[in-house]
Amino acid sequence: YGREGILWDQISWTSNEASIEAVDVALDVLDESCLLPAVDDAKFYLMALKRLEGGPAFAVADRGRVDLAFAVKHYAGEVTYESGGFVEMNKDEVPASVPELLESSAKGPVRALAARARSYFQEKRGRRGSIVNRSVGGQFRRQLSALEAVIDKTERSYVRCLKPNDELRPGVFDEERVTEQLRCGGVEEAVRVGRMGYPERYKHHEFV
């Protein structure tokens, strides 16, 4: 608007950047925890608190240290994470008992599958590279970056699917539940910003 000389008032909007950064830091701490010896979920939780506590989007959850819970404040509300099991799940390792169980099978194809699986996981453990390249968190971030790269090359149109009620009943419209979904999906904020500016609007026949 400023570049084109259009008179308008500066529009403020709620940014989710601090929330994204908090989640990113938590994933970094989780990957670091997987590299250190004898680090369990409680130690990961304390490391995360040390790095994140005091940040604008971080809070110790109501259940706090008892349930190893922390919260990230998103623009639409506060989301609580219970970190029990995080370290083990992030390593994405198959228990040694699984290949052993398959190898004990009386069926030849199952034993062959077990041998291939064992070879694959041994190779995976032996690959060079940091835990970031092998962890669940690292995989998630790589997949998300790849998805963003694809989306950035497209002309985006979104269809929002809303759940009218939690009972899965026809003809029941829960206004509070639908409003919550609109708010959490950023639709309310997009409409508010659009109404304050000069949004591009298509005529009906052009849209159809």
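All of these numbers come straight from a predicted model, not from anything done at the bench.

### With respect to the overall build of the protein
Alright, step 1. Scanning the protein for helices and strands turns up nine helices and three strands.
Alright, step 2. Ordered by position from the N terminus, the helices and strands of the protein form the series α-α-β-β-β-α-α-α-α-α-α-α.
Alright, step 3. Residues counted as buried form 22% of the 208 residues belonging to the protein.
Alright, step 4. The long-range share in the protein, meaning contacts at least 24 apart out of those at least 6 apart in sequence, stands at 45%.
Alright, step 5. Total accessible area on the protein is roughly 15,600 Å²; 55% of this is exposed by carbon and sulfur atoms.

### Quick notes on a nonpolar patch on the surface
Alright, step 1. A cluster of nonpolar residues, Phe-140, Leu-144 and Leu-147, forms a patch on the protein surface that exposes about 280 Å² of accessible area.
Alright, step 2. Mapped onto the elements, Leu-144 comes out in helix α6 (residues 136-152).

### Focus on the pattern of salt bridges
Alright, step 1. The tally for this structure, following the rule as stated, stands at eight salt bridges.
Alright, step 2. Across the pair Asp-24 and Arg-141 runs a salt bridge, and its minimum N-O distance is 2.8 Å. Residue Asp-24 is located in helix α1 (residues 17-35), and its partner Arg-141 is located in helix α6; the two are separated by 117 residues in the primary sequence.
Alright, step 3. Judged by relative accessible area, which is 34%, Asp-24 ranks as partly exposed.
Alright, step 4. The class for Arg-141 is buried, based on a relative accessible area of 19%.

### Describing the pairing of strand β3 (residues 77-82)
Alright, step 1. Across six bridges, strand β2 (residues 69-74) lies against β3 in antiparallel orientation. When the sheet's bridge partners are listed, Phe-70 is paired in β3 with Tyr-81.
Alright, step 2. Turn length for the β2-β3 hairpin, with the two strands adjacent in sequence and antiparallel, is two residues.

### Structural notes on the environment of Phe-86
Alright, step 1. Along the chain, Phe-86 falls in helix α3 (residues 86-91).
Alright, step 2. On a C-alpha basis, the gap between Phe-86 and Cys-34 in space is 9.8 Å, while along the polypeptide they are 52 residues apart.
Alright, step 3. Once residues within four sequence positions are removed from consideration, Phe-86 is found in contact with Leu-30, Asp-41, Phe-44 and Tyr-81.

### Things to note about the pairing of β2
Alright, step 1. Strand direction decides the pairing type here: strand β1 (residues 58-60) and β2, joined by three bridges, are antiparallel. Counted as the bridge partner of Val-60 is Phe-70 from β2.

### Observations concerning the layout of surface pockets
Think of a ball as big as a water molecule: rolled over the atoms, this probe shows where empty space is left.
Alright, step 1. Its boundaries defined by the atoms lining it, the largest pocket holds a volume of some 260 Å³.
Alright, step 2. For the largest pocket, the full set of lining residues is Asn-16, Ile-20, Glu-21, Val-23, Asp-24, Leu-27, His-74, Phe-140, Arg-141, Leu-144, Ser-145 and Glu-148.
Alright, step 3. Elements supplying a minimum of two residues to the lining of the largest pocket: α1 and α6.
Alright, step 4. By residue class, the composition of the lining of the largest pocket is five nonpolar, three polar and four charged.

About the cut-offs
- Residues numbered from 1 in each chain as written.
- Predicted model: local features only at pLDDT ≥ 70, side-chain atom pairs only at ≥ 80, totals over all residues.
- Heavy atoms only, no water.
- Helix = DSSP H or I, 4+ residues; strand = E, 2+ residues; numbered from the N terminus.
- Buried < 20%, exposed > 50% of the residue type's maximum accessible area, 1.4 Å probe, protein only.
- Contact = heavy atoms within 4.5 Å.
- Areas by Shrake-Rupley, 256 points an atom, 1.4 Å probe, with all protein chains shown as cover.
- Patch = residues over 30% accessible without salt bridge, like charges linked within 9 Å, V, L, I, M, F, W, Y side chains within 5 Å.
- Salt bridge = Lys/Arg side-chain N within 4 Å of Asp/Glu carboxyl O.
- Pairing = 2+ DSSP bridges.
- 1 Å grid on protein atoms, 1.4 Å probe; cavity = no way out; pocket = protein on both sides within 12 Å on 5 of 7 lines; lining within 4 Å.
- Points joined across faces, edges and corners; volume = space filled by probe spheres on them.
- Nonpolar A, V, L, I, M, F, W, Y, C, P; charged D, E, K, R; others polar.

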